[in-house]
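These are the residues of each chain, in order.
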Amino acid sequence: MNFLIIFLILCFILFLFVLYSLSKDDFVILRKDISMETIFNTAFMVSLIALLMGRIFFISLHPRPVFFSVLGFLLFPYFPGLSLIGGVLGGVFFLFLYATYKKLPLGKFFDLFSLSFLFALPFGSFFVLLLIQNSLKLYVAIEMILFLVVLLVFVKLILPLSNRGTIRDGSLGLSFISVFSLISIFGLLIKTGRFIYFDPEIAILLIVFASSFLGLIVREIKEKDSSK
């Protein structure tokens, strides 16, 4: 089996384990009587859509003739690659649509899925380090360290605030998207070695960062106003 498939499976198992650990005793999940089956079904669907969108996003930015055949599109381990940025954005968009359609607590699901994914990110970066060529190792290593630092901040600071109700459901997820966008922009700049650089990925990430950060501020201001 291709090593990329093995690493993806390991990261997915970690994601599911953390998602289970966070969800099983969560007050909102328990109060709304949402089963772990519902959470895991959602996780599988979101992950499949994220994988699909990661592939589409990569191909749209790096078109090659081989990608436009069925096998070339589906066999991503043999005709790489995948876009982490496209996968995250596609997964978030699908989660929003699915949770709204199924009348699930969107803010809570967004928080749980975001933090679970954040746990898997540093390990995914480490696995990528084992596969890539030397010229990209510094770029991936820096991203891995940044994701580890962000994970510690979220676990030690933001998660307790969310659990106590100090910040609204969904704010943790918006914070994750904001930070993820910034780290991704920084990583792209390091990867190219140019700090005055602009391409479609950076443009998309800037829009995502601005939208998520503005949404976070508005969400928390409304919460403070409603609590007065």
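Every chain begins its residue count from 1, and numbering advances along the sequence as written. Per-residue local features are limited, in this predicted model, to residues with pLDDT of at least 70; the limit for side-chain atom pairs, both in listing and counting, is 80 or more; totals at the level of whole chains, interfaces and linings are taken over all residues. As a convention, hydrogens and water are excluded, and side-chain values are obtained from all of the structure's heavy atoms.

1. Things to note about the packing of aromatic side chains
- Between the rings of Phe, Tyr and Trp (Trp by its six-membered ring), a pair exists once the centres lie within 6.5 Å; its type follows the angle of the planes, with under 30 degrees stacked, over 60 edge-to-face, and the other angles tilted. Counted by the stated rule, this structure contains 12 aromatic pairs.
- With 5.9 Å between their ring centres and 70° between their planes, Phe15 and Phe113 make a pair best called edge-to-face. Of the two residues, Phe15 is situated in helix H1 (residues 3-23) and Phe113 in helix H6 (residues 106-131); the sequence distance between them amounts to 98 residues. Here Phe15 and Phe113 have matching classes, each one buried.
- Aromatic ring contacts, followed pair by pair, group Phe12, Phe15, Phe44, Phe109 and Phe113 into a single cluster.
- One cation-aromatic arrangement involves Arg64 over Phe67; the distance from NZ or CZ to the ring centre is 5.1 Å. Helix and strand definitions here come from DSSP, where helices need a minimum of 4 consecutive H or I residues and strands a minimum of 2 consecutive E residues; each element is numbered from the N-terminal end. When a residue's accessible area, from a 1.4 Å probe over protein chains only, is under 20% of the maximum for its type it is buried; when over 50% it is exposed; and in between it is partly exposed. For a Lys NZ or an Arg CZ to count as sitting over a ring, it must be within 6 Å of the ring centre and within 35 degrees of the ring normal.

2. Thoughts on helix H7 (residues 137-164)
- Helix span, expected: 1.5 Å multiplied by one less than the number of residues in the helix. Helix length check: H7, at 28 residues, gives a terminal C-alpha distance of 39 Å against a target of 40 Å (1.5 Å per residue), a fit within 8%.
- The sharpest bend along H7 comes to roughly 40°, located at Phe154.
- Along H7, the positions that sit buried rather than exposed are Tyr139, Val140, Glu143, Met144, Phe147, Val150, Leu151, Phe154, Ile158, Leu159 and Ser162.
- Should any heavy atoms of two residues lie within 4.5 Å, those residues are considered in contact. Tucked inside the fold, the buried residues of H7 contact H1, H6 and helix H8 (171-192).
- Positive phi shows up at Gly165, right after H7, with a value of about 80°. Each residue is assigned a bend, namely the angle between axes fitted to the seven residues that terminate at it and the seven residues that start at it.

3. Quick notes on the confidence of the model for the chain
- Confidence of the predictor at the level of single residues is given by pLDDT, which spans 0 to 100. Residues of the chain with pLDDT of at least 70 account for 93%, and the chain-wide mean is 87.
- Per-element confidence in the chain is highest for helix H5 (residues 84-101), whose mean pLDDT is 94, and lowest for helix H4 (residues 70-74), whose mean pLDDT is 78.

4. Overview of the side chain of Asp26
- As for its position among the elements, Asp26 is in the loop between H1 and helix H2 (27-31).
- The exposure class assigned to Asp26 is buried, which follows from its relative accessible area of 9%.
- Whenever two N or O atoms come within 3.5 Å, that pair is a polar contact, provided that in protein one can donate a hydrogen and the other can accept it, and provided that, for residues adjacent in sequence, both atoms are side-chain atoms. In this structure the side chain of Asp26 is engaged in a polar contact, spanning 3.2 Å, whose partner is the backbone nitrogen of Ile29.
- One polar contact links Asp26 to Lys108, side chain to side chain, over a distance of 3.1 Å.

5. Focus on the packing of H5 against H8
- Comment: axis = line fitted to C-alpha atoms, over the contacting stretch for helices; angle = value between 0 and 180 degrees taken between N-to-C directions. One can describe the packing of H5 onto H8 by two numbers: an axis separation of 11 Å at closest approach and a directional angle of 165°. On the basis of their axis angle, the class for H5 and H8 is roughly antiparallel. Crossing angle aside, the handedness with which H5 passes H8 is left-handed. Where H5 approaches H8, its residues Leu84, Ile85, Val88 and Val92 are matched on the opposing element by Phe176, Ile177, Phe180, Ser184 and Leu188.
- Polarity classes work like this: nonpolar for Ala, Val, Leu, Ile, Met, Phe, Trp, Tyr, Cys and Pro, charged for Asp, Glu, Lys and Arg, and polar for all others, with Gly in that last group. Taken together, the residues of the contact of H5 with H8 break down into 8 nonpolar, 1 polar and no charged. In these notes the angle categories are as follows: under 35 degrees is roughly parallel, over 145 is roughly antiparallel, 65 to 115 is roughly perpendicular, and the rest is oblique. Working rule for handedness: look at the near helix, and if it is turned counterclockwise from the far one by less than a right angle, call the crossing left-handed; if clockwise, right-handed.

6. Concerning a nonpolar patch on the surface
- Taken together, the side chains of Phe3, Ile6, Ile9, Leu10, Ile13, Phe126, Leu130 and Leu131 make up a nonpolar region of the molecular surface, amounting to roughly 730 Å² of accessible area.
- Take the nonpolar patch: its biggest share by element is 5 residues, from H1.
- Relative to the helices and strands, Phe126 is located in helix H6.
- Note on Phe126: relative accessible area 41%, which makes it partly exposed. Patches here are clusters of residues that have more than 30% relative accessible area and form no salt bridge, with a 9 Å joining cutoff for like charges and a 5 Å cutoff for nonpolar side chains (Val, Leu, Ile, Met, Phe, Trp, Tyr). Note on areas: these come from Shrake-Rupley sampling with a 1.4 Å probe, and a residue is covered only by the protein chains present in the view. Between Lys or Arg on one side and Asp or Glu on the other, a salt bridge is scored when a side-chain nitrogen of the former is within 4 Å of a carboxyl oxygen of the latter.

7. Here we look at the packing of helix H3 (residues 36-61) against H5
- The contact between H3 and H5 brings their axes to 7 Å, and the two run at 140°. One element, H3, and the other, H5, form an angle in the oblique class. In terms of crossing hand, the pair formed by H3 and H5 is right-handed. Residues Thr42, Met45, Val46, Ile49, Ala50, Met53, Gly54 and Phe57 of H3 form the contact with H5, whose participating residues are Ile85, Gly86, Gly87, Gly90, Gly91, Phe94, Leu95 and Tyr98.
- A per-class count over the contact of H3 with H5 returns 10 nonpolar, 6 polar and no charged.

8. Digging into the pattern of salt bridges
- Scanning the entire structure with this criterion turns up 3 salt bridges.
- The partner of Lys24 in a salt bridge is Asp25, and the shortest N-O contact between them spans 3.0 Å.
- Here Lys108 makes a salt bridge to Asp169, at a shortest N to O gap of 3.6 Å. Of this pair, Lys108 sits in helix H6 while Asp169 sits in the loop between H7 and H8, placing them 61 residues apart in sequence.
- You can call Lys108 buried: its relative accessible area is 5%.
- Judged by relative accessible area, Asp169 falls into the partly exposed class, the value being 25%.
- Ionic contacts of the salt-bridge type, sharing partners, join the residues Asp26, Lys108 and Asp169 into one network.

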